[in-house]
Amino acid sequence: MKFFIDSADIEAIKALSDIGLVDGVTTNPSIIAKSGRDFKDVVAEICTLTDGHVSAEVVATEAPDMVREGRTLHAIADNVCVKLPLTLEGLKACRILSAEGTPTNVTLCFSANQALLAAKAGATYISPFIGRLDDIGLNGLELIRDIRLVYDNYGYETEILAASIRSVNHVRDCALIGADVITAPPAVIRSMAEHPLTDKGLKAFMKDWEKTGQSI
Ligand code: E4P
């Protein structure tokens, strides 16, 4: 399973990259606004931190403008993946950019039918938003399960990029279902290493080791 970092926080991405936990990065207009930085500058800097795909989202709503923006974003670095909204215009732009060999990530997916359309448009990734479905009382993980089944039924190669991940349980469940990629905030990825029994066990080992008076 690939781990993408859902953030434009350079230090947080670097810290996880040092542990070998960054297979790519995703951003969206809200994440860029939060960074307070110039969009193209921050994307360019993130692209130097990973060889994996770095998603940068278009903001146009009509396909020709989306394609123009997508080409501009992809020109920043080879590993920029153009993120497009799941609208008919976004799908049209996805087909054009994908045919040019540009990696694409179709975002804001909330149904298996939408995911089917993205696969038919040649998307590299489909981004179903788990947390936002859970927020309104629906089941985000069920959507991941449905898309997995649909894609496997027809052998679509579009990768399922589970997004809007809010907890370590989301990550575990996505792994159990077979999502290809998860994108999560740095804090969620870091929390995956935590367990109270690990802390307790390590404390006891250190205490007993001290008693031996030895060093390695
Ligand atoms: C990633 O591609 C999405 O933009 C992101 O995961 C959305 O997460 P949120 O619902 O927590 O804003």
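1. Remarks on helix α5 (residues 88-99)
Part 1: The first and last C-alpha atoms of α5 sit 17 Å apart over twelve residues, in line with the 16 Å expected at 1.5 Å per residue.
Part 2: Against α4 (63-74), β4 (80-85), β5 (104-109) and α6 (112-120) lie the buried residues of α5.
Part 3: After α5 finishes, the residue G101 shows a positive phi value of roughly 90 degrees.

2. A few points about the site of the ligand
Part 1: Around the ligand, the structure places D6, T26, N28, K83, F129, R132, A163, S164, R166 and T183.
Part 2: Contacts to the ligand include R132, whose side-chain N or O atom sits 2.7 Å from an oxygen atom.
Part 3: A distance of 3.0 Å separates an oxygen atom of the ligand from a polar side-chain atom of R166.
Part 4: Counted by class, the shell around the ligand contains two nonpolar, four polar and four charged residues.

3. Considerations on a nonpolar patch on the surface
Part 1: Residues L202, F205 and M206 make up a contiguous nonpolar surface patch of roughly 340 Å² in combined accessible area.
Part 2: With respect to the secondary-structure elements, M206 resides in helix α11 (residues 196-212).

4. Brief notes about the side chain of T104
Part 1: Take T104: it is sitting in strand β5.
Part 2: A residue is classified by how much of its surface remains accessible, and T104, at 0% relative accessible area, is buried.
Part 3: Polar side-chain contacts of T104 include one of 3.0 Å to the side chain of S98.
Part 4: Ignoring any residue separated from it by four or fewer positions in sequence, one finds T104 in contact with C81, V82, L84, C94, L97, S98, G122, A123, T124 and Y125.

5. A few points about the nonpolar core
Part 1: Ranked by size, the top nonpolar core spans 60 residues in total, and within it I126, I147, Y151, I165 and I182 carry the most contacts.
Part 2: In terms of residue count, the dominant contributor to this core is helix α8 (residues 140-154) (six residues).
Part 3: Apart from the residues lying within four places of it in its own chain, the contact partners of I126 are L86, N105, V106, C109, A115, A118, I147, Y151, T158, E159, I160 and L161.
Part 4: Core analysis: the next-biggest nonpolar cluster, separate from the first, contains five residues, C81, Y125, L161 and V181 among them.

6. Quick notes on unusual backbone geometry
Part 1: In this structure, L108 takes a positive phi of about 65 degrees despite not being glycine.
Part 2: Position of L108 among the secondary structure elements: in strand β5.

What counts, and where the lines are drawn
Residues numbered from 1 in each chain as written. Predicted model: local features only at pLDDT ≥ 70, side-chain atom pairs only at ≥ 80, totals over all residues. Heavy atoms only, no water. Helix = DSSP H or I, 4+ residues; strand = E, 2+ residues; numbered from the N terminus. Expected span 1.5 Å × (residues − 1). Contact = heavy atoms within 4.5 Å. Near = heavy atom within 4 Å. Polar contact = N/O pair within 3.5 Å; in protein donor to acceptor, adjacent residues only side chain to side chain. Nonpolar A, V, L, I, M, F, W, Y, C, P; charged D, E, K, R; others polar. Patch = residues over 30% accessible without salt bridge, like charges linked within 9 Å, V, L, I, M, F, W, Y side chains within 5 Å. Areas by Shrake-Rupley, 256 points an atom, 1.4 Å probe, with all protein chains shown as cover. Salt bridge = Lys/Arg side-chain N within 4 Å of Asp/Glu carboxyl O. Buried < 20%, exposed > 50% of the residue type's maximum accessible area, 1.4 Å probe, protein only. Core = buried A, V, L, I, M, F, W, Y, C linked by side-chain atoms within 4.5 Å.

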